[in-house]
Amino acid sequence: MYVLVINAGSSSLKYQLLDMSNENLLAKGICERIGIDGRLVHELPGKPKHEADKPMPNHGAAIAIVLDTLTDASLGAIKSKDEIKAIGHRVVHGGEDFSDSVLITDEVMEALKVNSDLAPLHNPANITGIRACMENMPGVPQVGVFDTAFHQTMPAKAYLYPIPYEMYEKHKIRKYGFHGTSHKFVSARATEMLQKPAKDLKLVTCHLGNGSSVCAVNGGISVDTSMGLTPLEGLAMGTRCGDIDPAVLPFIMEKENLTAQQVLDMFNKKSGVLGLSGVSSDFRDLAAAMGSNSRAADALEVFAYRVAGYIGRYAAGMNGIDAVVFTAGIGENDTYIRSKVCEYLTWLGVDIDPELNGKRGQAIDISKPGAKTRVLVIPTNEELVIARDTKTILG
Ligand code: ADP
């Protein structure tokens, strides 16, 4: 069964075509600058990237280009688009309506629209991607896989904000959490690697990428996570501020004569390690700069300190942990950040082997043999989770 996985953003659309009889990747790529001009980057495993400027006035045009490319005689992976039996979509916010992936129906589309209120930057783009697929591939079943779904198992003590309860009842203001497909994937993989039943394991999974979040996984389910109503809460990120005193918002509005939306924009796009360092949101640039630039060094310290802080909090919340898992761009590649975070965790029985910490590109336990709390590095694969869920739902 061939499944097309789509991750539609406001001006980009990532895709992967997977053969779900063996979970092999057949092709992947990204359409960028949709609505501006349009650029396709397409890749077949083991072959050089194909890049081309193509007009993409909207997401429908982008999907049509993806389908043409996937069926192209030299660039393609299939003969006809009819070989694609299902489409799995990443959807950012499922609110309280979706605790699992779902077959997309008219009713589901309505619920997605309602939840757009909670993710105004993301859900409308996801809906546009689904519509574009409906137009280009009528009749092909589509499945929505939510970033929030894995965290719907959180208990009230973790998801309630201590503000008037009516705010939750009236407006559904609560912690939802994101990166659920990644936390789900790496926690399941960690369970296999630790060779224990999921019910006996307490894990903290750290998805550290452009956006970063930490998740407490107890007995295979999410019991707490660092992102909140939106993906702005929690860790310091590439450009997002994470946890700050809410009173900072009106304070900056007044001092800088900005609107709430402008300050939110600052918190989303100009803060985090970029805002602190003034150098970059990319951890490779910060590592290169930190020797001569104390703000870049401070930004990395703040980041690591906050990751460690969340791990400690979740260790308390679960009364101990068996393993910490690092994943995503920074978690998988940044040996400096991993070692910095682990320095704070010796009290938990964390003790990593510097040589193993230097390895890349594989799922690996980087702990010294006797360490009580294991530290795993696991490459994430959100597209595979989406394709697996799509296959499961379609039976
Ligand atoms: P997202 O999917 O959220 O866009 P990724 O998980 O791809 O992000 O992570 C991207 C980030 O990972 C980059 O901004 C960079 O900071 C970091 N990163 C990627 N490769 C490396 C590396 N080799 N060393 C350190 N950091 C890296």
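Our subject is the structure listed above.
Per chain, residue numbering runs from 1 following the sequence as it is written. Side-chain atom pairs in this predicted model are given and counted only at pLDDT of 80 or more, local residue features only at pLDDT of at least 70, and totals for whole chains, interfaces and linings cover all residues. Hydrogens and waters are ignored; side-chain quantities use all the structure's heavy atoms.

## Re the packing of aromatic side chains
Stage number 1. By convention, a stacked pair of Phe, Tyr or Trp rings (six-membered ring in the case of Trp) has centres within 6.5 Å and planes under 30 degrees apart, an edge-to-face pair has planes over 60 apart, and any other such pair is tilted. Taken as a whole, this structure holds 6 aromatic pairs when the rule is applied.
Stage number 2. Between tyrosine 165 and tyrosine 168 the ring centres are 5.6 Å apart and the planes differ by 70 degrees, which places this aromatic pair in the edge-to-face class. Of this pair, tyrosine 165 and tyrosine 168 are both found in helix H5 (residues 165-171), 3 residues apart, which corresponds to roughly one turn of the helix.
Stage number 3. Throughout this description, buried means an accessible area under 20% of the type-specific maximum (1.4 Å probe, protein chains only), exposed means over 50%, and partly exposed covers the range between. Residue classification places tyrosine 165 among the partly exposed positions, given a relative accessible area of 44%.
Stage number 4. Counting every residue linked through ring pairs, the aromatic cluster contains Tyr159, Tyr165 and Tyr168.
Stage number 5. Between the NZ or CZ atom of arginine 174 and the centre of the ring of tyrosine 176, over which it lies, the distance is 4.8 Å. Helix numbers and strand numbers start at the N terminus; a helix is a DSSP run of H or I with at least 4 residues, a strand a run of E with at least 2. Comment: the charge-over-ring label is applied if NZ (Lys) or CZ (Arg) is within 6 Å of the ring centre and within 35 degrees of the ring normal.

## A closer look at the nonpolar core
Stage number 1. In terms of nonpolar packing, the biggest core is built from 37 residues, with Cys206, Leu208, Ile311 and Val341 touching the most fellow members.
Stage number 2. Elements with a minimum of two residues in this core: strand S9 (202-208), strand S10 (212-218), helix H10 (283-289), helix H11 (294-317), strand S12 (323-327), helix H13 (335-343) and strand S14 (374-377).
Stage number 3. Ranked by the residues each element gives to this core, the list is headed by H11, at 11 residues.
Stage number 4. Once you skip the residues sitting within four places of it in the chain, cysteine 206 turns out to touch Ser213, Val214, Val307, Ile311, Val324, Val325, Phe326 and Thr327.
Stage number 5. Nonpolar cores were defined as sets of buried Ala, Val, Leu, Ile, Met, Phe, Trp, Tyr and Cys residues, with membership established by side-chain atoms within 4.5 Å. Counting 26 residues, the second-largest nonpolar core is a separate cluster that includes Leu26, Ile34, Leu67 and Ala132. By definition in these notes, contact holds between two residues if any of their heavy atoms fall within 4.5 Å.

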